[in-house]
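One letter stands for each residue in the lines below.
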Amino acid sequence: MPEPGTLARPRPAHKLRWGEWLLLTAAVLAAVVVLDHTNLLTRTNRLLHDALVRLQPREVAHGQVVLIGIDDKSIAALGRWPWPRSLHADLIDRISAGRPAAIGLDLLLPEADIGQSANDRALAAAIAHSGKLVLPMMMQNRDGQAVVVGPLPAFQRGAAAIGHVHLPVDDDGVARSIYLREGSPTQSWPHFTVALLQTAGILHPGDPLPGRTDDEHTTIDPVSGRALDWRRSHRTQVAFAGPPGTFTRYPYVDVLDGTVAPETFRNKLVLVGATATGIGDLYATPVTDERLLMPGVEIAANLVDTLLQGRHLVTAPAWVGTLFNTLPVLLALSALAWTSPLTGLLLCLGLLLSMATVTAVGSLWLQVQLGPVAGMLGVVLAYVLWSWRRMDAATRYLVDEYHQLRDSSLSIPRPVPDGRPRGGDFLDRRINALTGVTHQLRDLHRFVSDSLDGLPDATLVCDTELRVVLANAAAARHFQVSSPVTLAGRSLTSLTADLVSTEGLAQGLAHHLHTATHEPNALETRDQQGRDLLVKWTPSFSAAGQHSGWILSLVDVTQMRAEQRQRDDAMHFLSHDMRAPQSAILTLVDLVRQDPDAMNTAQFQDRVERHARKALALADDFISLVRAQSREYVRERYNLSDLLGEVLDDAWEAAQAKSIGLRFKPPQMPADSLVDRELLQRALANLVGNAIKYSPDGTTVHCSVRAVDGHWEVAIQDEGPGIPPAAQPHLFKPFYRVQQGIRTQGTGLGLPFVQTVAVRHGGQVTLHSAPGQGARFALLLPRAIPDDEPITLPDGTDNPTP
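Conventions and cut-offs
- Residues numbered from 1 in each chain as written.
- Predicted model: local features only at pLDDT ≥ 70, side-chain atom pairs only at ≥ 80, totals over all residues.
- Heavy atoms only, no water.
- Pairing = 2+ DSSP bridges.
- Helix = DSSP H or I, 4+ residues; strand = E, 2+ residues; numbered from the N terminus.
- Axes fitted to C-alpha atoms, helices over the stretch in contact; angles between N-to-C directions.
- Buried < 20%, exposed > 50% of the residue type's maximum accessible area, 1.4 Å probe, protein only.
- Parallel < 35°, antiparallel > 145°, perpendicular 65-115°, else oblique.
- Left-handed = near helix turned anticlockwise from the far one by under 90°.
- Contact = heavy atoms within 4.5 Å.
- Nonpolar A, V, L, I, M, F, W, Y, C, P; charged D, E, K, R; others polar.
- Polar contact = N/O pair within 3.5 Å; in protein donor to acceptor, adjacent residues only side chain to side chain.
- Salt bridge = Lys/Arg side-chain N within 4 Å of Asp/Glu carboxyl O.
- Patch = residues over 30% accessible without salt bridge, like charges linked within 9 Å, V, L, I, M, F, W, Y side chains within 5 Å.
- Areas by Shrake-Rupley, 256 points an atom, 1.4 Å probe, with all protein chains shown as cover.
- Expected span 1.5 Å × (residues − 1).
- Arc of directions from axis to C-beta.
- Phe/Tyr/Trp six-rings, centres within 6.5 Å; stacked < 30°, edge-to-face > 60°.
- Lys NZ or Arg CZ within 6 Å of the ring centre and 35° of its normal.

A. Seen up close, the sheet that holds strand β7 (residues 188-190). Ordered in space as β7-β6-β10, the three strands form an open sheet in which the pairing is antiparallel. If you trace the sheet from one side to the other, it starts and ends with β7 and β10 (231-237), each paired once. Put simply, the sheet's adjacent strands are angled 30° from each other on average, direction ignored. The sheet contact formed by strand β6 (residues 177-183) and β7 spans three bridges and is antiparallel. Paired with Arg-181 across the strands is Pro-190, a residue of β7.

B. Representation of helix α7 (residues 192-199) in the model. Burial of α7 is extensive: six of the eight residues sit out of reach of the surface. Among the residues making up α7, those that are buried are Phe-192, Thr-193, Val-194, Ala-195, Leu-196 and Leu-197. In the segment just after α7, Gly-201 is the residue with positive phi, at about 80°.

C. Highlighting the pairing of strand β18 (residues 468-471). Sheet topology note: the strand β17 (residues 458-463)/β18 ladder contains three bridges and is antiparallel. Paired with Leu-460 across the two strands is Ala-471, which belongs to β18. Where β17 folds back on β18, the antiparallel hairpin that results is connected by four residues, among which Leu-466 adopts a positive phi of roughly 60°.

D. Focus on the packing of helix α4 (residues 85-97) against helix α5 (residues 117-130). In the contact formed by α4 and α5, the axes pass within 7 Å of each other and the chain directions differ by 20°. Taken together, the axes of α4 and α5 are roughly parallel relative to one another. Like other packed secondary-structure pairs, α4 and α5 cross with a definite hand, here left-handed. Residues Arg-85, Ser-86, His-88, Ala-89, Ile-92, Asp-93 and Ser-96 of α4 touch α5, and the partners they reach there are Asn-119, Asp-120, Ala-122, Leu-123, Ala-126, Ile-127, His-129 and Ser-130. Looking at side-chain class alone, the contact of α4 with α5 contains six nonpolar, six polar and three charged residues.

E. Main features of the environment of Glu-646. Looking at where Glu-646 falls in the secondary structure, it is placed in helix α20 (residues 640-650). Of the residues examined, Glu-646 reaches a relative accessible area of 30% and is grouped as partly exposed. Separated by 38 residues in sequence, Glu-646 and Leu-684 place their C-alpha atoms 9.9 Å apart. In contact with Glu-646, not counting residues within four places along its chain, are Arg-677 and Gln-681. At 2.5 Å, the side chain of Glu-646 forms a polar contact with the side chain of Arg-677. At a separation of 3.0 Å, a polar atom in the side chain of Glu-646 contacts the side chain of Gln-681.

F. Looking closely at the pattern of salt bridges. For the structure shown, the criterion picks out twelve salt bridges. Here Arg-677 and Glu-646 are joined by a salt bridge, their closest N and O atoms 2.5 Å apart. Pair noted here: Arg-677 is in helix α22 (residues 677-693) and Glu-646 is in helix α20, with a separation of 31 residues, a long-range link. Arg-677 sits in the partly exposed class, given a relative accessible area of 28%. Here the salt bridges do not stand alone but share partners, grouping Asp-170, Arg-176 and Arg-235 into one network.

G. Local environment of a nonpolar patch on the surface. A surface patch of nonpolar side chains, amounting to about 510 Å² of accessible area, comprises Trp-319, Leu-323, Leu-327, Leu-330 and Leu-331. On the secondary structure map, Trp-319 appears in helix α10 (residues 318-338).

H. Quick peek at the pairing of strand β23 (residues 636-639). The alternating pattern of β23 places Arg-637 and Asn-639 on a buried face, while none of Glu-636 and Tyr-638, on the opposite face, is buried. As defined by bridge partners, β23 adjoins strand β25 (residues 672-675) across four bridges and the pair is classed as antiparallel. Bridge pairing links Glu-636 to Val-675 in β25.

I. A look at the sheet that holds strand β29 (residues 775-782). The strand order across the open sheet formed by five strands is β24-β26-β27-β29-β28, and the pairing between neighbours is mixed. The open sheet terminates on both sides in strands that have one partner only, identified here as β24 (661-665) and β28 (764-769). Within the sheet, the average angular offset between the axes of one strand and its neighbour, ignoring direction, is 15°. Bridge analysis of β28 against β29 gives six bridges, and the strand direction is antiparallel. From the neighbouring strand, Val-765 faces β29, where its bridge partner is Leu-779. Sheet strands touched by α20: β24, β26 (700-708), β27 (711-717) and β29. Its angle to β26, the strand with the most contacts, is close to 170°.

J. A look at the packing of α7 against helix α9 (residues 296-309). Between α7 and α9, the shortest axis-to-axis distance is 9 Å and the interhelical angle comes to 55°. Accordingly, the angle class assigned to the pair α7 and α9 is oblique. Considering only the axes of α7 and α9, their crossing is right-handed. Taking contact as the criterion, the partners of Thr-193, Val-194, Leu-196 and Leu-197 in α7 are, on α9, Ala-300, Leu-303, Val-304, Leu-307 and Leu-308.

K. Seen up close, α5. If you check α5, its first and last C-alpha atoms are 20 Å apart, about what 14 residues at 1.5 Å a residue would give, namely 20 Å. Where α5 is concerned, the buried positions are Asn-119, Asp-120, Leu-123, Ala-124, Ala-126, Ile-127 and Ser-130. One side of α5 carries all its buried residues, which in axial view fall inside an arc of 160°. Turned more than 90 degrees away from the buried face of α5, the exposed residues are Arg-121 and His-129.

L. The arrangement of the packing of aromatic side chains in detail. For the structure shown, the criterion picks out four aromatic pairs. Seen in terms of ring centroids, Trp-81 and Trp-83 are 5.1 Å apart; in terms of plane orientation they differ by 70°. Their pairing is edge-to-face. Ring geometry for Tyr-250 against Phe-265: centres 6.1 Å apart, planes inclined by 90°, an arrangement best described as edge-to-face. Taken together, the residues Tyr-250 in strand β11 (residues 248-251) and Phe-265 in the loop between α8 (252-256) and β12 (269-274) connect sequence positions 15 residues apart. With relative accessibility at 23%, the residue Tyr-250 sits in the partly exposed group. Every member of this aromatic cluster is reached through a ring pair, and the members are Trp-81, Trp-83 and Tyr-252. Taking the ring centre of Phe-753 as reference, the NZ or CZ of Arg-682 above it sits at 5.9 Å. Arg-783 extends its terminal NZ or CZ atom over the ring of Trp-712, reaching a point 4.6 Å from the ring centre.

The structure is reproduced here in structure tokens:
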């Protein structure tokens, strides 16, 4: 069980995940192999191949193959079928007169024409005279025996070649392929089209035939379903040139009556066959539809064209098909296991597109037919199953984590439930659980954010690389940015670069945290803005107990340190400066008491008065400084020129006593500013009094008021000995007095009073001095805005202008 206030460590699941992946991979690959080696997807693959056949881009040798069709026009002209064989003889003679390359008479003539022996003799003579005529043969099933049915012996003797005209039809009723050689165990025949090309001299009997060379030793009779001892080999897919009517076709009767000249057939491959309705076989092919089928003689023409152009299609070997279907599935599963869901989806879509492209390229350009459907289904199945499994695992994990989070001792204030029903089916319960997770995480995030913002001190939450992860509003104010979000992602090194090095931060805060132990700690430092800071940090840990970063607080203790310094100054003032003149008075009293003749009464009174006045001046200056630092200022609109003039009037007698001239250069316009008249007048009196006090007799004190960048500058310049550069940085510290020359007089509280008044008014005091060149003190105060505009004071409050 986790410790109170912590969450349980996530359970390692990589072994389980890879075990599931291996199991899923084996199952999907096995399914793909089974589908690829069975006939379950054969029809789907055939539909894809048929579409590719219709898309094949090639020129067809139309002019070399000619069809003479026994069509409806010829039936109408010559009468009912069958016709006298003397008509076939006349047709052969007319074609032969044109000297064709070969003639294929696709008419099965196994029996004599009863009562018309003269016609048989005429046809036999025409066949023999042609010397280039090919006749068909076929096999029939008679009582389970394969019987050869061929032309009459008289016709066979004159024929140039005999070829089989079997046209296998697939189980979906579509004719797509042809065996180029068939026969019994003792004798085989080429296909009718191969015999035609051999007769024309285009092929030779010894030439290798395309298609698969492994024999099929038995043939299933499509009618009886019985196996016959009939062997077939060199199965070739027909690359159909186009729909019916693609090849040049002449009506039988037009050739017979001379409408088509014999010269039309010179060097042509002539195919004669039935195309009329009812007298010949019509087949469905990949390039036909239900309304227009293709006659067998035209399928033979397509096969002749296929063999002529060498575009015969072959089915890929079984091992190639298996590799083609399983490799994409394996790649898809690997991509799903190693990539993001979107990347996995895109890769699976790319694999599907690649399989379709390879299938198209193989069929259209390489003449190899691949069956991609099993592999495509495997990719889809792999994506669906793996995505479902991962989604289910992720959902279960989130639900388990939600239960652990809910059952842990970590609790935050939650609103009252809305009372809506939480039931439903399994999916609804999962969704409700995940909704609870998200709501609790949002509540936790809001709780942490509100708690962090509620802290009065600048607080930063950093990771182990010291990059800011969270910050509160106080941190935004401390680093002078618009929003805590602006600090997110920034480096703690750059944010704390302005911290002045101290003994504990000699190499910077970031370096200190990198080398620190994982324990809370704190130290004091100061930044370049003069703020005293207490830097506190504590490590943060993950639910598994690993160090995850730091929680850093920057506590501004400037005010506290200033108050402490004021207390120290007050103690110093009381213990030293105030006691010194009082101790001197007591010493004088004791001296006179012991020896009345040590000094006369006038000397005693003068010395006591001097020490008393010194103590009174110290007390007065100290009280003025405290009032300037702590009391609330009553700001009114005053002309600074008038205030300075009043101060100079009050200092006239002291200046005349030393023959010092007072010169004042006022501005051309009213120098209005919102000031506390009493305190500012005393500050100006201190500056003028110091100028008179430290100026030699007979010199001049120069005073001026002028506008400088939205402020009024009230300057007092004397012609005294000046202030040493080493003393200038300390001149505005309480109780500091220059220890050289004549500037050892005074209490050391006048200039700190002036600076306090200037700062409380939103201004500042500047000093320019060099030894022997006098000193110039300038008091910069904000200019008052016009009467018709609202006034915002330096402390952020509004005050009407009187």
